[in-house]
Structure formats: C-alpha cells, structure tokens
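Residues per chain are reported as follows:
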Amino acid sequence: MIFLRRLVPFSFSPRISSLISPFSTMSSASFDVSKFKKLLNTSHVGRQFIYEEKVESTMQIGEEIIKTANNPELVHGYSVLGEEQTKGRGRRGRSWKSSASGNIYFTFVWTKNVTQSTDMKFFEEAKKLNVAVSVATVHACGENVSCGVKWPNDVWTNDGKKLSGMIVNVFPKQGCVVGLGINVNEIFEHGVSITDDAKTATSVIPSSIAMETGGEVCRESVLATFCNHLERLMSLTFSEILDEYNDMDIMKRQSVHVYQKSVGEEEDGDYDAEACGILPDGSYQVKKLGSGDTVNLQVEEVSIRPST
C-alpha cells in the first residue's frame, strides 16, 4: 500500500479566469517570477504560474484548476505560489496560517495523461510522485543546508529541525495536486512550533534555510531547483527514485517512537522501534525493540519521531 489520500471529487466556483491574470507589480521583498523562470529547465512544472500576495490556500487554487480544466493535460505542471496563506493545509487535515515571512508556499498540478490509460498505471505514477517530491525538496534545501527526508513527508535538518512539509492529494480521474511548504527566510523564535496543533507543539523545532546558513536565501533559486529535480526524478524508474530517497533518509537505523495517533498523545499501541527504511510499496518498515517484530507503517495510520 502507498501513502496517498484519495479524495472525493468536488467542485469550486468558476473563478479561474480571474486568477490567470498578469502578475502585479512586485516589491523588492516579493517573489521574482521572471527571475525564477530564467532558472527553470523544466518542460512543464512552473512554466504556467500564478503568483498571489495572499490566498486562503494554494492547494485550493490547484484543486480548482485541475477540476475545472476542460483538458487536464493542458494544465499539467500549472503552479501556484502565495506569499501568505490564511488557511494552509497539512497532513491529516491539519491547517495553519502561513505568514508572509519570505518562505515558499507552493502548489503544482500533475495531471493524468493518455499514457496512463489504466488506473494501475496512474497509481504507479502517483506513487512515484509522492516519493519524488520529498527527494526534490531535499535537493532544493540541500544546496545550502545538510538535511534529509523524515518519513513520510517532511524534510529535516540533520540535527532534527523541520525545514519543509508536503502533501499529495489524488484525484483519480484528473491527476494529483501537490502542496509544498519550505521555510526559507523566516526567523523562528526558540521553541516555537511549526503548526498550530497543540498536540504537536513540542514535537519538532522549526528552522529555515536562512537560520541554518546565517544569511538571506534566494527563494527563486530554491524553488527552481525543486522544480528541475522533480521533473528529472519523474523521468526515472521508481526503483531509482527510492535509491535517492534511501540515501537521504535521516531516520534509517535510528531509534524512533511510533505514535498511533498524533505525536505527543500517547496510546496503548505506541512503541519504540528501529527505523529500517522505506519499502517498494511506499510503506515504512520498523523493527520493534525487544520483540524484534517488523511492522510496515502506512502514512495515514501513524507518525514517527526520534526516541528521546
């Protein structure tokens, strides 16, 4: 089993035409779309681009695009960047406000095409995409910072601070909508949580690329690097992508605590284990400490954190 959420299709009000408009005049602090596009070497991702100063959620816009397109293939790679989100989305339906702090709040559309004529072919493509997004994010952050993948959908520094999170929503008839948040230039106070979820408030300390490097970072370069690597990875076999993922897995061979629900909310079924790594079906294998039993974790069922 893979760790993708299948969503019930839904519709939005028809406002796409108002979104696809010339970009507004940008201040020096705004994302420079022109500079970003000059750094791209992609065929699709990032080529069609919506830039907004403030949105409820870039995922909402991406889902509207894929659902209302007459020909989904024509919006393949369509991308949305918001300077600020008031209703950002995360795993397990979590939401948070993403402030205008020089970060990347980004969504792109990956559509089902004619070569994926069966549900199984599309299923395999979606599985590749889910893993490739994590790997591409490490490449984007890792040009400046030592970091890796923390299963299932985070990028952490090597000393355990969160830089990025992502989500892949699947629409079987149209394709996938991917949301990505990268802390680039925000400065967090010590101990501040990266989410508004009280249950996870002390589970991980956030950081940003700027905090790790000690200087302002070019967001256009970070995002272009992500897009370029994403398309490169999607041209590989799933096995080749997994090889890169495994090289970047910062949990592998580490002692972890497996939570059946939210991190910090202890359940009787929680346990300590050794992280063994991702499997070809996208699940994550751990070995229970003590008994030595192996368990294959599914993303919607559990969370893992380093043991304390």
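Colleague: Could you clarify how one ought to interpret helix α7 (residues 238-248) in this entry?
Modeller: Residue pairs three or four apart in sequence face the same way in an α-helix, which turns once every 3.6 residues. Every buried residue of α7 is listed here: Phe238, Ile241, Leu242, Glu244, Tyr245 and Met248. Each buried residue of α7 lies within a common arc of 160° when the element is viewed along its axis, so the set occupies one face. Residues of α7 that are buried sit in contact with α4 (119-142), β7 (147-150), α6 (219-234) and β13 (271-278).

Colleague: When you look at the packing of α4 against α7 in this model, what are you seeing that I'm missing?
Modeller: To characterise two packed helices, one gives the angle between the axes of the helices and the distance between these axes. The N-to-C vectors of α4 and α7 enclose an angle of 40°; their axes lie 9 Å apart at closest approach. As far as their axial angle goes, α7 and α4 are oblique. Between α4 and α7 the crossing geometry is left-handed. Contacts between α4 and α7 involve Lys127, Lys128, Val131, Ala132, Ser134, Val135, Val138 and His139 from the first element and Phe238, Ile241, Leu242, Glu244, Tyr245 and Met248 from the second. Class assignment of the residues belonging to the contact of α4 with α7 gives a composition of nine nonpolar, two polar and three charged.

Colleague: Would you explain the environment of Tyr284 in this entry?
Modeller: If you trace the backbone, Tyr284 turns up in strand β14 (residues 284-288). Of the residues examined, Tyr284 reaches a relative accessible area of 0% and is grouped as buried. Taking the C-alpha atoms as reference points, Tyr284 and Val299, separated by 15 residues in sequence, lie 8.2 Å from one another. Not counting residues up to four positions away in its chain, the partners in contact with Tyr284 are Trp151, Asp249, Met251, Lys252, Ala275, Cys276, Gly277, Ile278, Val295, Asn296, Leu297 and Ile304. At a separation of 2.7 Å, a polar atom in the side chain of Tyr284 contacts the side chain of Asp249.

Colleague: Looking at this structure, I do not really get the sheet that holds strand β12 (residues 255-259). What am I missing?
Modeller: The strands that make up a sheet are held in pairs by hydrogen bonds between backbone atoms, and each pair lies either parallel or antiparallel. Read across the sheet, five strands follow the order β15-β14-β13-β12-β16 without closing on themselves; strand pairing throughout is antiparallel. In this open sheet, the two strands that pair with only one neighbour each are β15 (294-297) and β16 (303-306). The mean angle between the axes of side-by-side strands here comes to 45°, regardless of whether they run parallel or antiparallel. Direction of pairing for β14 relative to β15: antiparallel, over a ladder of four bridges. The residue bridging Gln285 from the neighbouring strand is Asn296, located in β15.

Colleague: Honestly, the nonpolar core in this entry has me stumped. Any pointers?
Modeller: Within the largest apolar cluster, 68 residues are counted, with the highest numbers of intra-cluster contacts made by Phe106, Phe108, Leu223, Phe226 and Leu230. Broken down by element, the residue count for this core peaks at 11 residues, all from α4. Ignoring sequence-local partners within four residues, the contact set of Leu230 consists of Val45, Phe108, Trp110, Leu129, Ala132, Val133 and Ala136. The next biggest cluster of nonpolar side chains, apart from the first, holds 14 residues, and it includes Val55, Ile65, Val80 and Ile167.

Colleague: Please clarify how the side chain of His257 should be interpreted in this entry.
Modeller: Turning to its location among the elements, His257 is positioned in strand β12. For His257, a relative accessible area of 13% translates into the label buried. There is a polar contact of 2.7 Å between the side chain of His257 and the side chain of Asp272.

Each value, and the rule that gives it
- Residues numbered from 1 in each chain as written.
- Predicted model: local features only at pLDDT ≥ 70, side-chain atom pairs only at ≥ 80, totals over all residues.
- Heavy atoms only, no water.
- Buried < 20%, exposed > 50% of the residue type's maximum accessible area, 1.4 Å probe, protein only.
- Helix = DSSP H or I, 4+ residues; strand = E, 2+ residues; numbered from the N terminus.
- Arc of directions from axis to C-beta.
- Contact = heavy atoms within 4.5 Å.
- Axes fitted to C-alpha atoms, helices over the stretch in contact; angles between N-to-C directions.
- Parallel < 35°, antiparallel > 145°, perpendicular 65-115°, else oblique.
- Left-handed = near helix turned anticlockwise from the far one by under 90°.
- Nonpolar A, V, L, I, M, F, W, Y, C, P; charged D, E, K, R; others polar.
- Polar contact = N/O pair within 3.5 Å; in protein donor to acceptor, adjacent residues only side chain to side chain.
- Pairing = 2+ DSSP bridges.
- Core = buried A, V, L, I, M, F, W, Y, C linked by side-chain atoms within 4.5 Å.

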